Amino acid sequence: MRRRLGMKCPSCQTIFSAPGPQCPKCKLTLHHLDAKFGAVPRYSRFVTDCSGRLSRRDIADLRRLLRLFNRKFPQSRFSVFVTNQLSAGTIGEYAFWLMNRARFGFAEAVGGDNYDLLLAIDVERSAAALIVGYGLETYITERDLERALAQAASGFHEGDFARGIGACVEVMISRMRAIVKKLEETKTTEEMPTTASGSP
Amino acid sequence: MNLQRFPPPPPRPVRIVLFFSILILAAGPVAFTQTQESTHDTPSVMAQSEPAQAKPIPLGWKIAVVAMVAMGTGFVLAFSLRAWRAANLFDRQYRFPAVTVVAFRLGGNKSGGCMSTIEFGGPANKNF
């Protein structure tokens, strides 16, 4: 049985058991974050660098890697947003707000159809957040996201953001591939007795 | 039946001449066509003065050509592998099963805020 990602407030980190329109502790909603962050910043497909820390070659290489990710997982799109202009709020709040307000993935991918991932990096405050859409909540555990960020940490710490992002994406590719394979194996195992009993 | 209406057959020498004329006309083109065997050219004075055997290619040249071909093949293979890898030709696509039950929260219709965060300013300080 997979451990479902806990429902946690992106702002105060309070864990809540039942879904609600606002955080039971800090009363956070997406509308509050709209007021905090204002207009959605300009962003590009796959990689957006507002900080200027990534070279053009880095961006091109990362786009290639994220395009490969998208080919492997056609339902999902992995986007990276690097900023240094986060005046208010935390990187968690910003990632949650950006994930819902920007259109990184498919426009129609809402609710359980959203299998997207967003890696938001604040280079000024040295913080990063990896967030997933509703569709991946069932399959990706919190530990998977932790591992991916842990792999990226050394690159981020050394200022080599391209290496860190690449490591994070590679970990997620490997993990998501393993999860899908395991799901398929489980499905095949469940179907086999039915087939065997149905055959004469 | 009146046999007087049909002309009498030509005499024998006329028939022989007719036969030979047809034979000559039919065999004429075959006789004038070129046969497969060509005439041999006489070697020129220049050709006669050249040495019989050509100078062999130096070993260094051969090695250089082989090395260049190997390098070219290597470059082509490297670029092809990169392109193939980018195109995901040798790997399959992975799809997650559809999710039916979604716990919408905090007003987000794409994500409910399931995430992990990290602070990397110090020595890789994690904050989960």
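As the structure is a computational prediction, the values presented were derived from the model and not from experiment. (Residues numbered from 1 in each chain as written. Chains lettered and ligands numbered in written order. Predicted model: local features only at pLDDT ≥ 70, side-chain atom pairs only at ≥ 80, totals over all residues. Heavy atoms only, no water.)

Chemist: Requested: an account of the overall build of chain A, with residues and values cited.
Modeler: Along chain A, the regular secondary structure elements total six helices and four strands. For chain A, the sequential pattern of α-helices and β-strands runs α-β-α-β-α-β-β-α-α-α. Considering chain A as a whole, with its 200 residues, one finds that 52% of them fall into the buried category. Residue pairs in contact within chain A that sit at least 24 positions apart in sequence constitute 65% of those at least 6 positions apart. Total accessible area on chain A stands at roughly 9,400 Å², and carbon and sulfur atoms take up 50% of it. (Helix = DSSP H or I, 4+ residues; strand = E, 2+ residues; numbered from the N terminus. Buried < 20%, exposed > 50% of the residue type's maximum accessible area, 1.4 Å probe, protein only. Contact = heavy atoms within 4.5 Å. Areas by Shrake-Rupley, 256 points an atom, 1.4 Å probe, with all protein chains shown as cover.)

Chemist: How would you explain the packing of aromatic side chains if you had to name every residue and give the values?
Modeler: For the structure shown, the criterion picks out 15 aromatic pairs over all chains. Ring centres of F69 of chain A and F78 of chain A lie 5.4 Å apart, and the angle between their planes is 90°; on these two criteria the pair is classed as edge-to-face. The class of F78 of chain A is buried, set by a relative accessible area of 0%. Connected via pairs of aromatic rings, a cluster forms that spans F69, F73, F78, Y115 and Y139 of chain A together with Y94 and F96 of chain B. (Phe/Tyr/Trp six-rings, centres within 6.5 Å; stacked < 30°, edge-to-face > 60°.)

Chemist: Before we move on, can you summarise the sheet that holds strand β1 (residues 115-119) of chain B with the specific residues and values?
Modeler: Spatially, β1(A)-β2(A)-β3(A)-β4(A)-β1(B) is the arrangement adopted by the five strands of the open sheet, whose pairing is mixed. Each of the sheet's edge strands pairs with one partner strand only, and the pair in question is β1 (47-49) of chain A together with β1 of chain B. Mean inter-strand twist for the sheet, computed between neighbouring axes without regard to direction, equals 10°. Of the strand pairs in this sheet, strand β4 (residues 127-132) of chain A and β1 of chain B are connected by five bridges, and their pairing is antiparallel. Bridging across to β1 of chain B, A128 of chain A finds its partner in I118 of chain B. Sitting on the sheet, helix α2 (residues 56-72) of chain A is in contact with β1, β2 (78-83) and β3 (117-122) of chain A, with an inclination near 150° to β1 of chain A. (Pairing = 2+ DSSP bridges. Axes fitted to C-alpha atoms, helices over the stretch in contact; angles between N-to-C directions.)

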